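Listed below are the residues making up each chain.
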Amino acid sequence: MHTDTERCVRAVQSKDARFDGWFFTAVLTTRIYCRPSCPAVPPKVENMTFLPSAAACQQAGFRACKRCRPDTSPGSPEWNARADAVARAMRLIRDGVVDREGVPGLAAHLGYSTRQIERQLRAELGAGPLALARAQRAQTARLLVETTSLPMADIAFAAGFSSIRTFNDTVREVFAIAPSELRLRSTRSRPLPQTPGQLSLRLPFRAPLNPDNLLGHLAATAVPGVEEWRDGAYRRTLRLPYGTGIVTLAPRPDHIACQLALTDLRDLTIAISRCRWMLDLDADPVAVDDQLRTDPLLAPLVDKAPGRRVPRTVDAAEFAVRAVLGQQVSTAAARTHAARLVTAHGETVEDPAGGLTHLFPAPEALAALDPEALALPRSRRTTLTTLVGALADGSLKLGFDSDWDKARDRLTALPGFGPWTVEVIAMRALGDPDAFLPTDLGMRRAAQELGLPSTPAALSARAAQWRPWRAYAVQYLWATDGHPINHLPA
C-alpha cells in the first residue's frame, strides 16, 4: 500500500487509525516516522514519504515519533492473510526465529536459501530479516525499560541484543533517547512494578473488536489446569523456547490488557507474538466485514456485532491433538478427554494466583502413551496415536508458518482425518482466513435458520463470494446459536 501515495496522504490527513501498521509516514524535514493516525499536525505533502515497515524507516535513518509511538502499532494484516514466503517469514520473525537461529535458521524453516529470503523481504518491506528483527528487539527493549525495574544489562540480553553497547546504540538511534532517560520519563507517570517476572502491557488492535466469540470460545473450551476464565480474564499456561509462562488477557474498549509471568524474560517477544496470534489482533476487521456485507443474508449479522475475530491457539500441535479429541463429541466431553491427557502427561507449572497447574503435554510426551488407556473409540485412538507420532518424529510440522495447502494434504493423508478436522486445524492452528467448515453441525443449523443452502456442496458454492474471509463468516454463522462459545462468561 505504501506505493499508493495519494491513498496514503488521505489516510494521514484524516488520521485514520485503520491504516496503522499498513504503512509508516517518514517526514523528510524532521527525520521522524509516524503511524498514519499520529495526533500531531500532518506535515506538508511534499515532506512526506511512505515506507512499508518500521525497520525500513529505521534503516533509512528515521527515528520513531514520541507522540504516536509507531513501533507499537498493530502488525500488518497482510502477514496473517497470506501464505507466501514473505508472509511466513514475517510470522517467524515475529516469533523470534532470527534471534534464536539467525537468518540461516529462518531460511531453513521456509525451505529457501538465505539469499532468496533477503531478496524477497527487501523487495517488499524495504529491509532484510536482520533489520526487521532489530526493529522488534528495539520495541521489546522499550517495553522492558518502561514496564519493569530490571537492570539495563538484563534488559539488553532479555530483548535479544548481543551486547549492552548494541542495546544502548539501538535505543538511542531508534527512539532518540538513552535507555535511562526513557525509564525516567515513564516513571514520572507511574511507578514500576516490583514483582520479578511480572509484566503488564497493552495489546493494541484495529477497531472494532467483538470479544464475545473470541474470548468466549477460548473460555468455553478451556482445558482444566491449562486454561481458565477468572475475574473477567482468560488465563493459560505457555510453553516457550527458554522457559514457561502464564498469561492473563482481559478485553478493554481500546486494547487487550495483558499480564505475563515468565520464567525467562528472553521469551517476552515470543509470548507477545503468540498472544496476538491467538486473539487475531492484527486482523483488518473493516476489510473483512465489508466483504461479508456484500451477502444480504450475512449483512445483518455483521451489522449487529461487527469485528468478530477467529479464536486461534498458541500451539498448533496442541490444537491438532485437541481437534482429534473433539471429533463427534460435545465441547464438555472434549475438555474431559484433554484434561485426562494433561493430568497424566503434562508438565507441572507454578501459578502464583492458583488455578493453573500444567502445560499441555508435548507430542514427544504423548508419543509413548498407551492407546488402551484412552477412553476413546478404537478408530479415534489410532487417529490420535498416529498424529502424535508424526508430530513427535517431525514428519508432520504444524505452525503459523506452515504452507496451508501442503499442511492440509499431510493431514488428510492421516487415518481418521476428514474435512472437518482438517479445516478446523487450518482455521484455528494454521491461521488460514479462508478455512471453511461446511460439514459442521453448527454451520448447518445456522444456514437453515438464515435460508442459506444447508448441504455442504451447496453451502460451499454460496460461500465463494465470502472469500478470502470464509473463516470469519464461520464466526458470524456460529454466533446465531446460543452455545457458550459465543458469549463471555458471567
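Note: the structure precedes this text.
The text that follows walks through the structure, step by step, so that each part is easy to find. (Residues numbered from 1 in each chain as written. Predicted model: local features only at pLDDT ≥ 70, side-chain atom pairs only at ≥ 80, totals over all residues. Heavy atoms only, no water.)

**A few points about the overall build of the chain**
Line of reasoning, step 1. Tallying secondary structure elements over the chain gives 23 helices and nine strands in all.
Line of reasoning, step 2. For a compact globule of 490 residues, the expected C-alpha radius of gyration is about 23 Å, and the chain comes in at 23 Å, within 12% of that figure.
Line of reasoning, step 3. Every one of the 490 residues in the chain was classed for burial, and the buried ones make up 56%.
Line of reasoning, step 4. Contacts spanning at least 24 positions in sequence make up 67% of the contacts within the chain whose residues lie at least 6 apart.
Line of reasoning, step 5. Only carbon and sulfur atoms are counted for the fraction: they give 52% of the accessible area of the chain, which is about 20,200 Å².
Line of reasoning, step 6. The averaged location of the 51 negative side-chain charges in the chain is 3 Å from the averaged location of its 59 positive side-chain charges. (Helix = DSSP H or I, 4+ residues; strand = E, 2+ residues; numbered from the N terminus. Rg over C-alpha atoms; globule rule 2.2 N^0.38 Å. Buried < 20%, exposed > 50% of the residue type's maximum accessible area, 1.4 Å probe, protein only. Contact = heavy atoms within 4.5 Å. Areas by Shrake-Rupley, 256 points an atom, 1.4 Å probe, with all protein chains shown as cover. Lys, Arg positive; Asp, Glu negative; His and termini not counted. Charge placed at Lys NZ, Arg CZ, Asp CG, Glu CD.)

**A look at the sheet that holds strand β8 (residues 244-251)**
The pairing of strands in a sheet happens through backbone hydrogen bonds and is either parallel or antiparallel.
Line of reasoning, step 1. Pairing is antiparallel in the open sheet, where five strands are placed in the order β5-β9-β8-β7-β6. Every other strand in the sheet has two partners, leaving β5 (198-203) and β6 (227-230) as the edge strands with one partner each. Shown here is a sheet whose adjacent strand axes are inclined to one another by a mean of 20 degrees, direction ignored.
Line of reasoning, step 2. Bridge count for strand β7 (residues 233-239) against β8 is six bridges, and the pairing is antiparallel. In the sheet register, R239 faces β8, and the bridge partner there is T244. (Pairing = 2+ DSSP bridges. Axes fitted to C-alpha atoms, helices over the stretch in contact; angles between N-to-C directions.)

**Some details on the sheet that holds strand β1 (residues 24-27)**
Line of reasoning, step 1. Spatially, β3-β1-β2-β4 is the arrangement adopted by the four strands of the open sheet, whose pairing is mixed. Whereas interior strands pair on both sides, the edge strands pair on one side only; in this sheet they are β3 (48-51) and β4 (63-64).
Line of reasoning, step 2. Of the strand pairs in this sheet, β1 and strand β2 (residues 32-34) are connected by three bridges, and their pairing is antiparallel. Bridge pairing in β2 links A26 to Y33.
Line of reasoning, step 3. Running at roughly 105 degrees to β3, helix α1 (residues 5-13) makes contact with β1 and β3 of the sheet.

**Some points on helix α18 (residues 378-393)**
Line of reasoning, step 1. Taking 1.5 Å of rise per residue, 16 residues should cover 22 Å, and α18 covers 23 Å from first to last C-alpha, within 8% of that figure.
Line of reasoning, step 2. All buried positions along α18 are accounted for by R380, R381, T383, L384, L387, V388, A390 and L391.
Line of reasoning, step 3. Of the surrounding secondary structure, the elements contacted by the buried residues of α18 are α15 (316-325) and α17 (363-366). (Expected span 1.5 Å × (residues − 1).)

**Notes on the nonpolar core**
Line of reasoning, step 1. By size, the foremost hydrophobic cluster in this structure holds 65 residues, and its most contacted members are L292, V321, L387, L398, I425, M427 and W466.
Line of reasoning, step 2. Among the nonpolar cores identified, the runner-up in size contains 52 residues, and F161, L203, L260 and L281 belong to it. (Core = buried A, V, L, I, M, F, W, Y, C linked by side-chain atoms within 4.5 Å.)

**Concerning the side chain of H337**
Line of reasoning, step 1. Looking at the secondary structure, you find H337 in helix α16 (residues 331-345).
Line of reasoning, step 2. Contacts of H337, omitting those with residues within four sequence positions, involve L325, A375 and L376.

**Details of the side chain of D401**
Line of reasoning, step 1. With respect to the helices and strands, the residue D401 is situated in the loop between α18 and α19 (404-412).
Line of reasoning, step 2. Buried and without a salt bridge, D401 has R88 as its closest oppositely charged side chain, separated by 5.5 Å.
Line of reasoning, step 3. If sequence neighbours within four positions are ignored, D401 has contacts with R88, R91, L92 and H109. (Salt bridge = Lys/Arg side-chain N within 4 Å of Asp/Glu carboxyl O.)

**Quick look at the environment of D303**
Line of reasoning, step 1. For D303, the location among the structural elements is in helix α14 (residues 299-304).
Line of reasoning, step 2. Sequence separation of D303 and A133 is 170 residues, and the distance between their C-alpha atoms is 39 Å.

**What to know about the pattern of salt bridges**
Working definition: two side chains of opposite charge can pair if their charged atoms are close together.
Line of reasoning, step 1. On inspection of all chains with the given rule, the structure shows 36 salt bridges.
Line of reasoning, step 2. Measuring nitrogen to oxygen at the nearest pair gives 2.7 Å for the salt bridge that ties R18 to D16.
Line of reasoning, step 3. Accessibility expressed as a relative area gives 38% for R18, which makes it partly exposed.
Line of reasoning, step 4. As a salt-bridge pair, R293 and D303 come within 2.6 Å of each other at their nearest N and O atoms. With R293 in the loop between α13 (285-292) and α14 and D303 in helix α14, this residue pair connects regions lying 10 residues apart in the sequence.

**Concerning the packing of aromatic side chains**
Line of reasoning, step 1. On inspection of all chains with the given rule, the structure shows six aromatic pairs.
Line of reasoning, step 2. Across the ring face of F62, the terminal group of R31 is positioned such that the distance to the ring centre comes to 3.9 Å.
Line of reasoning, step 3. In this structure, R312 is placed above the aromatic ring of W277, and the distance from its NZ or CZ to the ring centre is 4.1 Å. (Phe/Tyr/Trp six-rings, centres within 6.5 Å; stacked < 30°, edge-to-face > 60°. Lys NZ or Arg CZ within 6 Å of the ring centre and 35° of its normal.)

**Focus on unusual backbone geometry**
Line of reasoning, step 1. Cis geometry is found at the peptide bond from A207 to P208, where omega equals 0 degrees.
Line of reasoning, step 2. Mapped onto the elements of the fold, P208 is located in the loop between β5 and α11 (211-220).
Line of reasoning, step 3. With omega at 10 degrees, the peptide bond leading from R467 into P468 counts as cis.
Line of reasoning, step 4. Within the secondary structure, P468 is located in the loop between α22 (456-462) and α23 (470-478).

**Overview of the packing of helix α7 (residues 129-147) against helix α12 (residues 268-278)**
Line of reasoning, step 1. Their axes nearest at 10 Å, the elements α7 and α12 cross at an angle of 100 degrees. It follows from the interaxial angle that α7 and α12 lie roughly perpendicular. Contacts between α7 and α12 pair Q136, T140, L143 and L144 from the former with L268, T269 and I272 from the latter.
Line of reasoning, step 2. Considering only residue class, the contact of α7 with α12 consists of four nonpolar, three polar and no charged. (Parallel < 35°, antiparallel > 145°, perpendicular 65-115°, else oblique. Nonpolar A, V, L, I, M, F, W, Y, C, P; charged D, E, K, R; others polar.)

**Let's talk about the environment of L268**
Line of reasoning, step 1. Mapping L268 onto the fold places it in helix α12.
Line of reasoning, step 2. For L268, a relative accessible area of 0% gives the class buried.
Line of reasoning, step 3. Separated by 128 residues in sequence, L268 and T140 have C-alpha atoms that sit 7.5 Å apart.
Line of reasoning, step 4. When residues no more than four places from it in sequence are discounted, the contact partners of L268 are T140, L143, L144, L199, L260 and L262.

**Here we look at the packing of α19 against helix α20 (residues 419-428)**
Line of reasoning, step 1. In contact at an axis separation of 10 Å, α19 and α20 are set at 145 degrees when each is read in the N-to-C sense. Handedness of the α19/α20 crossing: right-handed. Across the interface between the two elements, R408, L411 and T412 from α19 touch V422, E423, I425 and A426 from α20.
Line of reasoning, step 2. Classifying every residue of the contact of α19 with α20 gives four nonpolar, one polar and two charged. (Left-handed = near helix turned anticlockwise from the far one by under 90°.)

**Section: the environment of Q120**
Line of reasoning, step 1. Tracing the backbone through its elements, the reader meets Q120 in helix α6 (residues 114-125).
Line of reasoning, step 2. Apart from residues no more than four positions distant in its own chain, Q120 is found in contact with A85, V86 and Y112.

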